Each structure stands twice: as structure tokens, then as C-alpha cells.
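Given next are the chains, with one letter for each unit.
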Amino acid sequence: MSDIIETKEGTQLSEKTISKSDFEVDNDQTYDDPEKLNIPKDWPPLAAHGPKKYYFWNFKGPAGVDLDSIATQPSVFDDPGKAQAYQPIPEYENIHRFDPLARWTWREEMNVVRKIDLRIMLWVAIMYMSLQLDRGNISQAVADNMLTDLGFSTDVFNNGNTIYRVLFLTTEVPSQLVSKKLGPDKWIPIQMVCWSAAAMAQYAMNSSGSFYATRALLGAFEGGFTADACLYLSYFYTTLELPVRLAYFYAALTLAQISAAFMGFGILHMRGVHGNEGWRWLFLIEGAITAFIGLWSALLMPPAPTKTASWFRGKKGWFTPREEIIMVNRVLRDDPSKGDMHNREALNWSQIGKSLMDYDIWPIYLIGLVWWVPVGTIDTYMTLTLRSLGFTTFQSILMVLPEQCMSLFTLLIISYVSQRWDNIRAYLGMFSQLWLLVCLIPIRAFSADVSKWSKYGVLTVLLSYPMCQPIQIAWTSRNSNSVRTRTLSSAVYNMFCQLSVIISANIYRADDKPLYRRGNQVLVGIAAMNIVVYALAKLYYVLRNKQKAAKWNALTPAQQNEYRHTTKDEGSKRLDFKFGF
């Protein structure tokens, strides 16, 4: 690495070149690593440290860093010979704030990130909580004897859930395409108001037909929300920050489940009010809450980091011009591909085809297909299982709270671990499945005379497993390496996750009751298989990186520079891109 001289202005390079590999880089790099960047001598100062990981409780910032020193990370934009190949397109919505010469301090960056967390992340989490209210209250309704009140069999209930999942699955990609055209800030509120109307309509259910219809509408309008929200967050956060923000996102789901348990406990006591069952009031009231949040979201969601000004958010917006410069340039320096498209630019059929056929994302799609099955089966039937063990309706509703609180804790822990160490995503997934396997083995061995509290204890530990979903969504985004692929990859990944939910809902069969020995044996096998799937995914990306590195290193510096400017390779197919694993 070139010598570093401390000046009043910050850290100044004394030589012409700087190697990224010499930095204490905490996250895996994607562009031109570890080759040297040819930075002009008179170039503004850059950070003396690689990206530093710190958490919301680190008010003093990352350890060992002077908060008033330069935080701007080296990137391809600092090398005049390479910068032109990575320039944002003229139509990029934040182009007026893009400035390769912009520099900022760690203190400024910390303040901007905290502001984004409060203004953007917090509300996205609240929106996700409302999603969980409307899609998760069906289990509480069942615990309140909804099936008996309507004269439904378990098959009707399973059919309704399958219809919901199929519609949820099939609308993932269309929803993403609409979101890319209109913008998540417009499409997400529309989704929320529409599904809240369907949720409230469940108040009037009186037949299997109306049950199927409302479940179909809920699935159709809720499908794509998660991918839309993840795409929206990627506009504001770097690759290093996104996994933990997605962990907050999924922590909101758990908080919604905890809140819903208490809300359900109170609302279900309304049975008899105006002659209606408690579950009808549950659907009506929680649907109305979502409608309110959806309408409020239309006012609160800005379309982009530099587009926060509005009559409701204020004429000057939430961020100063200086803060906008920091937001835009830190994200583009981390991932130049985010400047490839305007955020309201629709995808054409050719782009859609390329994205769907990007085989380098398929290993993560395979993970999405299988990871949820071992836990999803247990989770879907948890309240019914508790009722069958002899617990009352309200006991069953409240007895899920321990596992929800514990799962919130394990979710945050495993997400922080993923941020702390590089390229351990697959290992964390393997650990999560091992957790499930250890719990499933005794469940498979349970006999009819095992106490209900022993069964409840093991089920609670199983459902407290460390969920890797935020890590896997960020992994999908990280390995997409283009706005085009990223737009669809999250949706396709979620489609496979919904397929896993459908599979999990059909493991337990009526002829296997009450211990479901055959079903639990299948779950044990799938959990063991999943460990191998994660290992193979890691192996695939390690080999792909070696393959690409061999081709890249075989080129001379002049050929590498020509490649950057003339290659037709896109996204993750570029030789100068490294996959995360």
C-alpha cells in the first residue's frame, strides 16, 4: 500500500496507487479486488480504514476510528482509467448528487445512517408488521373455533391456505414489475390498502367459497410486498448494512406476532358483541389498522434519497443537500450497479428473460425452496397442536409468546454474526438447519404418553431457531449485481420460499394423526438434506470465483481496462465481480 500522510484535511495518499486488499475491509469486495486503483496524487483524501461495522448502540462509532477523519471508501470512481465504465446513467434519479470528488467523515456518515434508520427503516418495519397482522391472524381465528363456527373441515382450511400461497407466489414477479414501473413508494401503499380491504371482508365469511375468495385476494395483493420493500431499502443502504436492516425488518415480524397475541387475546373476547364471533372482529379490526398504515405510507414513503421533499414531508425534505450527497455516493461507491437504471424504469421482456435465466442465483433459489419446510410444518400447526394437547383457546394464543421472543433474539444474533465475519452465510444456514434437526429427532421419537409440557418445550425450542431469511435475501441482492437482476431475483427467491410453505403445509396428513410419525420422519430427512444444500451452494460460489479469477488474471492490465469499457457481460457475469457465499 502507498504511504499515508496525515494532513489537516484528512488522510492523503502520497503515491499514485492504492490497493484495496491493504485495507481492513470488513465485507467482501466486488469490483477490482485485489488489483490496484491508480488514484491521482492530487485526488481528495480517502479513508484510512476499510468499511467498519458498528451497531445502533455504538453511539461513539466504530472502535479505533477518529470520527472526524475521512470515511469515504476507495472505489473505481477514484481511478480515472476505470471510472467511465461504471458511471451512473444520465437518467439515474440521484444523478445530480453524484460526485466522485465528494468526501465525508465517519461522524457525518453515522448521522446520515441513523437518520435513514429512523426515517426509512422504521416505517418499512411498521409496514411489515401490518402484513403479518393480516396474514397471521388466521391461526388465531382457528384457535377461536372458526372452523367449527363455519362448519369447515381441516381440508377446507388447508385448501384455503394453499390458494393463498399459490396466489401469493404467482404475484411475486408481476408485483415487482409493477413496482419497478411505478416505484415502490407508490405501489406498496396501493398493495396495503387492497389487501386490508380483503382482510376486512373476512368479517362477512359464511361459506367455503367466500373463505377461498378472501384468501385468494389476500395472497394476490400481499404477494411481492417483501421483495418490493427489500428493493426499496437497497436504495438507501450499502451491501454491508443491508443484512442487519433486513434483520430489523424480520424482527418487526416477530414483534407483530407478539403484539398480535395480546391483541388477539383482547379482541377474541368480543365474541357475542352484536351477535358475532370473536374471530370476525379480529379480521375487521386488524384489517382496519393495516388500511390506516397503508394510507399513511402513501404520504411518508419518498421515492428516492434525493426526493424526500413534498407537501407532507416538508418543502425542504428530510435530508440536507450535504446529506443527500453522502447517501448517494456511499451507496454507489459500494455498488456502482445501483446507478444502472432509473428506479421508475420498467423492465423489458429481454431484461426479464436475462434475469430469470441468471443461473448463478439458482443455488440461492434452491435454498429458498427447502429451508423453511422443517420449521414451517411445525409453525403452521402450532396453535392446533396446542389445542390438541389440551390447552384452551386463550392459553394456546399466549403460549406462542416464548418462542416468538426467543426467535427475535436468535434472529438478531445470527444477523449480527453475518455482518461481523465475511462469507459465512452458508455456514449460518447450516447451523440453523442443524438446530432444527436436533429438535426434530426427539419430536419424531415422542410417544403418546409423553407429557404435554415436554412436547411444548421441544416445540418452543425448535421454533426459536435462528432464522436466516434476512441473510439470504441480502445474499440474493448481493449476488445479483445489477438493478435489473436485483429487481426480479428477490421476487423469484420469495416465490421459491412460498413453494416451501406450500410443501410444508402438506407434510402432515390426516392418516398420520395424532403423532405424525411419518411426517416428522420426512422433516428429519429434509433438515439433514438442507445442510448439504447449503454446503453445495457455498462450494458452487467458491468454484465460480476461482473460475472467474483465473480468466481475469490471465488478462494483461491493458486488456482488463479494455474489458471494463467494452464488455457485454452484465451483472454477476462480469469477470471483475466476486460472488459472496
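This is a predicted model, so every value here is computed, not measured.

**So, the overall build of the protein**
Within the protein one finds 23 helices and 4 strands. Since a compact globule built from 581 residues should have a radius of gyration of about 25 Å, the 25 Å found for the protein is in line with a globular shape. Seen along its three principal axes, the alpha-carbon backbone of the protein occupies a region of about 80 × 55 × 50 Å. Residues classed as buried in the protein amount to 59% of the 581 residues present. Within the protein, counting contacts between residues at least 6 apart in sequence, those at least 24 apart form 80% of the total. Of the accessible surface of the protein, which amounts to about 23,000 Å², a share of 64% is contributed by carbon and sulfur atoms. With 57 positive and 51 negative side-chain charges, the protein shows a spacing of 2 Å between the two charge centroids.

**Topic: empty space enclosed by the protein**
A full pass over the atoms with the stated rule returns 5 cavities of 30 Å³ or more. Taken as a whole, the largest cavity encloses approximately 1,100 Å³ of empty space. Taken together, 48 residues line the largest cavity, and the ones lying closest to its centre are Gln132, Arg165, Gln257, Trp372 and Asp379. In terms of residues, the lining of the largest cavity owes the most to one element, helix H2 (residues 106-143), which gives 9 residues. Looking at the lining of the largest cavity residue by residue, the classes come out as 25 nonpolar, 17 polar and 6 charged.

**Quick notes on unusual backbone geometry**
Of note in the backbone geometry, asparagine 145 takes a positive phi value of approximately 70° without being a glycine. Here histidine 274, not a glycine, exhibits a phi torsion of approximately 55°, which is positive. Along the chain, histidine 274 turns up in the loop between helix H9 (242-267) and helix H10 (278-300).

**Some thoughts on the confidence of the model for the protein**
This prediction gives the protein a mean pLDDT of 83; 91% of its residues lie at or above 70. Note that pLDDT drops below 50 for residues 1-35; the model gives that stretch 111 contacts with residues more than four away or on any other chain.

**Let's talk about helix H4 (residues 154-170)**
Taking 1.5 Å as the rise per residue, H4 with 17 residues should run 24 Å; its terminal C-alpha atoms sit 24 Å apart, in good agreement. Residues of H4 that are buried: Val156, Phe157, Asn158, Gly160, Asn161, Tyr164, Phe168 and Leu169.

**Some remarks on the environment of isoleucine 526**
By secondary structure assignment, the location of isoleucine 526 is in helix H22 (residues 517-553). With a relative accessible area of 14%, isoleucine 526 lands in the buried category. For isoleucine 526 and leucine 437, which are 89 residues apart along the polypeptide, the C-alpha to C-alpha distance reads 8.9 Å. Once residues lying within four places of it in the same chain are set aside, the contact partners of isoleucine 526 are Val370, Val373 and Pro374.

**Describing the environment of asparagine 329**
Relative to the helices and strands, asparagine 329 resides in helix H11 (residues 321-334). For the pair formed by asparagine 329 and phenylalanine 77, sequence separation is 252 residues and the distance between their alpha carbons is 10.0 Å.

**With respect to a nonpolar patch on the surface**
On the surface, Leu356, Met357, Tyr359 and Trp362 cluster together into a nonpolar patch covering about 410 Å² of accessible area. For tryptophan 362, the location among the structural elements is in helix H13 (residues 362-370).

**Here's the deal with the pattern of salt bridges**
Within this structure, the stated rule accounts for 18 salt bridges. A salt bridge links lysine 82 to aspartate 79, with the nearest nitrogen and oxygen atoms 3.5 Å apart. Each member of the pair lysine 82 and aspartate 79 is classed as buried. Residue lysine 573 is joined to aspartate 360 by a salt bridge in which the shortest nitrogen-to-oxygen separation is 3.1 Å. Taken together, the residues lysine 573 in the segment after helix H23 (557-566) and aspartate 360 in the loop between helix H12 (349-356) and H13 connect sequence positions 213 residues apart. Through salt bridges with shared partners, a single network forms among Asp358, Asp360, Arg544 and Lys573.

**Looking at the layout of surface pockets**
Put simply, the largest pocket is a space of about 960 Å³. In terms of lining residues, the largest pocket is bounded by 33 residues, among which Tyr381, Thr385, Lys513, Pro514 and Tyr516 are the most central. Split into classes, the residues belonging to the lining of the largest pocket amount to 16 nonpolar, 11 polar and 6 charged.

**Remarks on the packing of helix H14 (residues 373-380) against H22**
Where H14 meets H22, the closest approach of the two axes is 8 Å, and the angle between their N-to-C directions is 145°. Residues Val373, Pro374, Thr377 and Ile378 of H14 pack against Asn520, Leu523, Ile526, Ala527 and Asn530 of H22. In the contact of H14 with H22, the residues fall into 6 nonpolar, 3 polar and no charged.

**A look at H14**
Counting buried positions along H14 yields 6 of 8 residues, so the element is predominantly enclosed. By the burial criterion, the buried members of H14 are Val373, Pro374, Val375, Gly376, Thr377 and Ile378.

**Topic: the nonpolar core**
Met127, Phe225, Phe249, Trp371 and Leu462 are the most contacted members of the largest nonpolar core, which has 111 residues in total. In terms of residue count, the dominant contributor to this core is H2 (12 residues). Core analysis: the next-biggest nonpolar cluster, separate from the first, contains 22 residues, Leu147, Ile267, Leu268 and Ile397 among them.

**Here's the deal with the side chain of asparagine 545**
Within the secondary structure, asparagine 545 sits in helix H22. Reaching out from asparagine 545, the side chain makes a polar contact with the backbone nitrogen of phenylalanine 579 at a distance of 2.8 Å. Setting aside anything within four residues of it in sequence, one finds asparagine 545 in contact with Lys578, Phe579 and Phe581.

**A look at the side chain of glutamate 324**
Its location among the elements puts glutamate 324 in helix H11. Residue class for glutamate 324 comes out buried when judged on its relative accessible area of 7%. Glutamate 324 has contacts with Arg97, Pro305, Thr306 and Phe319, leaving out every residue within four places of it along the chain.

**Some details on the packing of aromatic side chains**
Summed over all chains, the structure comprises 25 aromatic pairs. Each ring, one from tryptophan 311 and one from phenylalanine 312, has its centre 5.6 Å from the other, and the planes form 75°; the classification is edge-to-face. Between tyrosine 508 and tyrosine 516, the ring centres sit 4.2 Å apart and the planes meet at 10°, which makes this aromatic pair stacked. In this pair, the class of tyrosine 508 matches that of tyrosine 516, namely buried. Taken together, the aromatic side chains of Trp475, Tyr540, Tyr541, Phe577 and Phe579 make up a single cluster linked through ring pairs. Positioned above the aromatic ring of tryptophan 318 is the side chain of arginine 313, whose terminal nitrogen or guanidinium carbon lies 5.9 Å from the ring centre. Over the ring of tyrosine 359 we find lysine 573; its NZ or CZ atom is 4.5 Å from the centre of that ring.

**Looking at the packing of H9 against helix H17 (residues 401-420)**
Describing two packed helices takes the angle between their axes plus the distance from one axis to the other. For the pair H9 and H17, interaxial distance at closest approach is 9 Å and the crossing angle is 175°. Classified by the angle their axes make, H9 and H17 are roughly antiparallel. Across from Pro243, Val244, Ala247, Tyr248, Tyr250, Ala251, Thr254, Leu255, Gln257, Ile258, Ala261 and Phe262 in H9, the residues of H17 making contact are Leu401, Gln404, Cys405, Ser407, Leu408, Leu411, Leu412, Ser415, Tyr416, Ser418 and Gln419. Residue composition of the contact of H9 with H17, grouped by class: 16 nonpolar, 7 polar and no charged.

What counts and what doesn't
Residues numbered from 1 in each chain as written. Predicted model: local features only at pLDDT ≥ 70, side-chain atom pairs only at ≥ 80, totals over all residues. Heavy atoms only, no water. Helix = DSSP H or I, 4+ residues; strand = E, 2+ residues; numbered from the N terminus. Rg over C-alpha atoms; globule rule 2.2 N^0.38 Å. Buried < 20%, exposed > 50% of the residue type's maximum accessible area, 1.4 Å probe, protein only. Contact = heavy atoms within 4.5 Å. Areas by Shrake-Rupley, 256 points an atom, 1.4 Å probe, with all protein chains shown as cover. Lys, Arg positive; Asp, Glu negative; His and termini not counted. Charge placed at Lys NZ, Arg CZ, Asp CG, Glu CD. 1 Å grid on protein atoms, 1.4 Å probe; cavity = no way out; pocket = protein on both sides within 12 Å on 5 of 7 lines; lining within 4 Å. Points joined across faces, edges and corners; volume = space filled by probe spheres on them. Nonpolar A, V, L, I, M, F, W, Y, C, P; charged D, E, K, R; others polar. pLDDT = per-residue confidence, 0-100. Expected span 1.5 Å × (residues − 1). Patch = residues over 30% accessible without salt bridge, like charges linked within 9 Å, V, L, I, M, F, W, Y side chains within 5 Å. Salt bridge = Lys/Arg side-chain N within 4 Å of Asp/Glu carboxyl O. Axes fitted to C-alpha atoms, helices over the stretch in contact; angles between N-to-C directions. Core = buried A, V, L, I, M, F, W, Y, C linked by side-chain atoms within 4.5 Å. Polar contact = N/O pair within 3.5 Å; in protein donor to acceptor, adjacent residues only side chain to side chain. Phe/Tyr/Trp six-rings, centres within 6.5 Å; stacked < 30°, edge-to-face > 60°. Lys NZ or Arg CZ within 6 Å of the ring centre and 35° of its normal. Parallel < 35°, antiparallel > 145°, perpendicular 65-115°, else oblique.

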